[in-house]
Amino acid sequence: MEPFNTHTGMVMPLDRVNVDTDQMVPKQFLKALTRKGFGRILFYDWRYLPGEKPNPEFVLNFPRYEGASVLLARHNFGCGSSREHAPWGVKDYGFRVIIAPSYADIFYNNCFKNGILPASLSEEQVEELFQRTEKEEGYMLTVNLPNQTIADRHGLMFRFDLAPSRKEVLLQGLDDIGTSLQHEPDITAYEKTHAATATMYEAVDVQNYTDGR
Amino acid sequence: MPPKTLYEKIWDSHVVHEEAGKPALIYIDRHLIHEGTSPQAFAGLSAEGRKVRRPDLTFAVMDHSVPTTAKDRILPIVDTDARLQFEALEKNCRETGVRLFDMNSRNQGIVHIIGPELGVTQPGQTIVCGDSHTSTHGAFGTLAFGIGTSEVEHVLATQCLVQSRSKTMHILVHGKRPRGVTAKDIILAIIGKIGISGGTGHVAEYGGEAIRDLSMDGRMTVCNMTIEGGARAGMIAPDETTFAYMEGRPFVPQGKAFEEAVAGWRKLNSDDGAKFDMTVELQAQDLAPQVTWGTNPGMVTSVTGRVPEPGSFHDPNDQKATESALKYMGLKAGTAIVDIPVDRVFIGSCTNSRLDDLRAAAYLVAGKHVAHSIKQALIVPGSRGIKAQAEKEGLDKIFREAGFEWRDAGCSMCIGMNADVLPPHERSASTSNRNFEGRQGKDSRTHLVSPVMAAAAAIAGHFVDVRSLDVSSVE
């Protein structure tokens with residue numbers, strides 16, 4: 001995975017609470033076989049009118065936000081479905097950072113698997129950033145992961161919290177599976193001492209079973 | 001030893017490796033997969049030259065995109081993308097030795113329905129699946145939660161997950177629920193109370209008389225929608241109801257082995273004095289049937305209520321969200337819920353497609369007929385096992401005579417990945433779990449309700465308070 005250190009980019013505001021992952025990648029795009037190409041369909045139903053004509057009323061289509069790579073969002077971003085297609089779309093579109101007051105658990109977790117930094121600031125700080133983004137065309141932020149800071153060109157600087165282990169994963173672009181496989185002996189030992197749950201019991205012929213209750 | 005919660009007990013018994021200040025490596029007892037979120041995981045595994053560590057603990061099923069009409073199930077799948085996904089799942093399972101219940105298997109069904117039904121789901125386990133409604137399995141006193149595709153790949157490779165401990169939340173529903181108020185109404189009322197992010201960062205444990213009184217089917221409904229309140233997992237300590245449900249199911253130990261297993265399962269509860277980070281309490285007797293009016297499951301009110309005014313919310317963000325939801329839903333603030341007409345009815349999904357749900361709905365529609373204004377009324381059993389049993393009981397006949405379509409098992413109109421889609425601007429009474437924009441179809445309008453409320457809406461053509469009907473034998 002691509003490591004994350006410092007990122008400077010233009011901010012795009014998405015002024016809506018509780019944005020769910022169905023909105024990021026609607027169901028018809030869940031029939032894919034690869035992780036690629038979801039940027040084109042990110043926020044599909046909001047973004048496109050019939051015939052895939054860009055909807056001029058949706059913020060992603062505003063010319064002033066073309067090339068944005070920092071997504072500014074509201075409370076409980078990424079709620080709903082566990083579909084990782086949502087962060088795949090966010091990343092593929094070109095966003096490397098999301099800034100919001102809070103995230104839903106599964107989406108938050110999925111971001112770290114894809115080199116996206118979901119930074120959390122207070123409601124007041126996020127509101128301040130919304131106002132500055134609105135006021136200044138081409139508003140840029142620099143996100144420094146080692147120092148855990150978000151800063152603009154005018155001297156504003158916010159600090160964000162992040163679990164040290166999460167930070168490490170992004171900084172080093174760690175492959176979780178590789179790290180976990182280093183504990184192979186522990187896994188094997190666990191399976192030996194917990195044989196009862198780590199074994200499948202199958203007494204009845206499942207092929208001929210129908211629920212009789 | 002300090003008293004522990006059920007969650008802490010299961011967590012502690014699954015830690016494979018732990019270092020101070022870091023997330024732990026926890027063991028996963030059962031891994032469930034489906035066609036929608038697994039192809040990229042298998043591809044990733046194969047690209048790295050890694051193997052499925054425990055195919056014997058992994059179960060696959062086709063559910064999200066499967067056709068639910070007999071004709072389409074037999075013919076080649078016309079949706080090319082869906083067909084390719086089915087073929088990928090079949091190939092991946094064949095190559096790795098994972099057991100697959102394909103769409104022609106007599107055990108096929110929605111992943112969260114067949115896990116419990118076949119006895120794959122057992123108390124005290126950790127269960128994951130690339131699907132947020134994995135929380136369903138918590139009804140058996142398991143720690144079960146949804147994961148992303150990268151984590152599916154991780155579990156395939158290691159049978160473990162890297163996890164940090166969650167906070168704990170105790171949700172107590174005291175007293176007895178009135179007739180006509182179901183498990184679905186309980187969980188919708190809870191979400192209405194705590195909000196859709198009220199449980200974020202927590203694992204919920206449900207307790208109280210009204211929860212204990214629920215059947216396993218009802219408990220699964222409650223745990224299923226836990227994720228809609230933001231908590232990734234919901235659990236209910238196993239008891240006699242649980243053990244009676246489990247006995248004799250294919251993957252459950254039998255005879256003496258079953259008795260031994262039950263003895264262990266009895267220890268799976270929160271100790272007296274165990275501390276939760278948060279407690280929420282409700283009185284069941286105060287609850288009425290619930291109906292959602294907006295575009296998330298927390299936008300919910302009683303059937304006796306009205307569509308709210310955006311101005312009635314304190315937070316400006318909530319006011320904006322309400323305005324936007326009413327516009328999307330085509331609803332006017334102040335409209336009585338019972339005055340909202342319905343176009344289509346969907347009884348199905350991993351939330352409400354079990355035998356209890358179908359029996360209750362059938363009782364309500366027996367001898368009646370779907371209203372003329374209803375364009376379609378669908379019954380989609382959660383599994384072929386449930387379908388077979390319902391047919392044995394004659395429920396299919398009752399539904400058909402009342403004007404419902406009786407379908408084959410799958411996720412169907414809950415997510416609309418197959419042909420069962422709610423058309424633009426049409427309004428559904430749906431027993432599913434999400435009323436997000438576009439969830440059942442682009443520009444479709446979803447109202448989440450219980451199976452009896454959906455059945456009653458089908459007959460009346462609009463929402464009705466089922467407590468005014470004969471619900472004497474409805475559980």
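Everything discussed here concerns the structure shown above.
An account of the accompanying structure is given in this report. Computed from a predicted model, the values in this text were never measured in an experiment.

1. Side note on the interface of chain A and chain B
Contact residues are listed per partner, giving 53 residues for chain A and 68 residues for chain B. Among the secondary structure elements, those contributing two or more residues to the side of chain A that touches chain B are α1 (21-24), α4 (105-112), α6 (164-172), α7 (176-181) and α8 (184-193) of chain A. Among the residues making up the side of chain A that touches chain B, the classes are represented as 19 nonpolar, 18 polar and 16 charged.

2. As for the nonpolar core
Membership of the largest hydrophobic core comes to 194 residues, with the highest contact counts inside it found for Ile98 and Ile99 of chain A together with Val345, Ala361, Met453, Ala454 and Ala457 of chain B. When residues in this core are grouped by element, the largest group, 8 residues, is from helix α7 (residues 183-194) of chain B. For alanine 454 of chain B, the residues in contact, after removing those within four places along its chain, are Val345, Ile347, Ala361, Ala429, Ser430, Thr431 and Val449 of chain B.

3. Concerning the sheet that holds strand β7 (residues 143-146) of chain B
Residues and elements named next belong to chain B. Strand order in the open sheet made by the 5 strands is β5-β4-β3-β6-β7, with parallel pairing throughout. Of all the strands in the sheet, the pair left with one neighbour each is β5 (99-101) and β7. Between one strand axis and the next, the sheet turns by 20° as a mean value, whatever way the strands run. Looking at chain direction, strand β6 (residues 126-129) and β7 are connected through 4 bridges and run parallel. For isoleucine 127, the partnering residue across the bridge sits in β7 and is alanine 144.

4. Focus on helix α2 (residues 39-47) of chain B
Along α2 of chain B, the residues that are buried comprise Pro39, Gln40, Ala41, Phe42 and Leu45 of chain B. Trailing α2 of chain B by a residue or two, glycine 49 of chain B shows a phi angle of about 70°, which is positive.

5. Focus: the pairing of strand β9 (residues 167-174) of chain B
All names here are of chain B. In the sheet, β9 pairs with strand β10 (residues 202-207) via 6 bridges, with the strands oriented parallel. Considered in β10, the bridge of lysine 167 is made with histidine 202. With α7 bridging β9 and its parallel neighbour β10, the resulting β-α-β unit is right-handed. Where β9 and strand β12 (residues 278-283) come together, 6 bridges link them in parallel fashion. Within β12, the position partnered with valine 173 by the bridge is leucine 282.

What counts, and where the lines are drawn
- Residues numbered from 1 in each chain as written.
- Chains lettered and ligands numbered in written order.
- Predicted model: local features only at pLDDT ≥ 70, side-chain atom pairs only at ≥ 80, totals over all residues.
- Contact = placed C-beta atoms within 7 Å.
- Helix = DSSP H or I, 4+ residues; strand = E, 2+ residues; numbered from the N terminus.
- Nonpolar A, V, L, I, M, F, W, Y, C, P; charged D, E, K, R; others polar.
- Core = buried A, V, L, I, M, F, W, Y, C linked by C-beta atoms within 7 Å.
- Buried ≥ 20, exposed ≤ 12 C-beta atoms within 10 Å, placed from the backbone.
- Pairing = 2+ DSSP bridges.
- Axes fitted to C-alpha atoms, helices over the stretch in contact; angles between N-to-C directions.
- Right-handed = clockwise from strand over helix to strand, strands pointing away.

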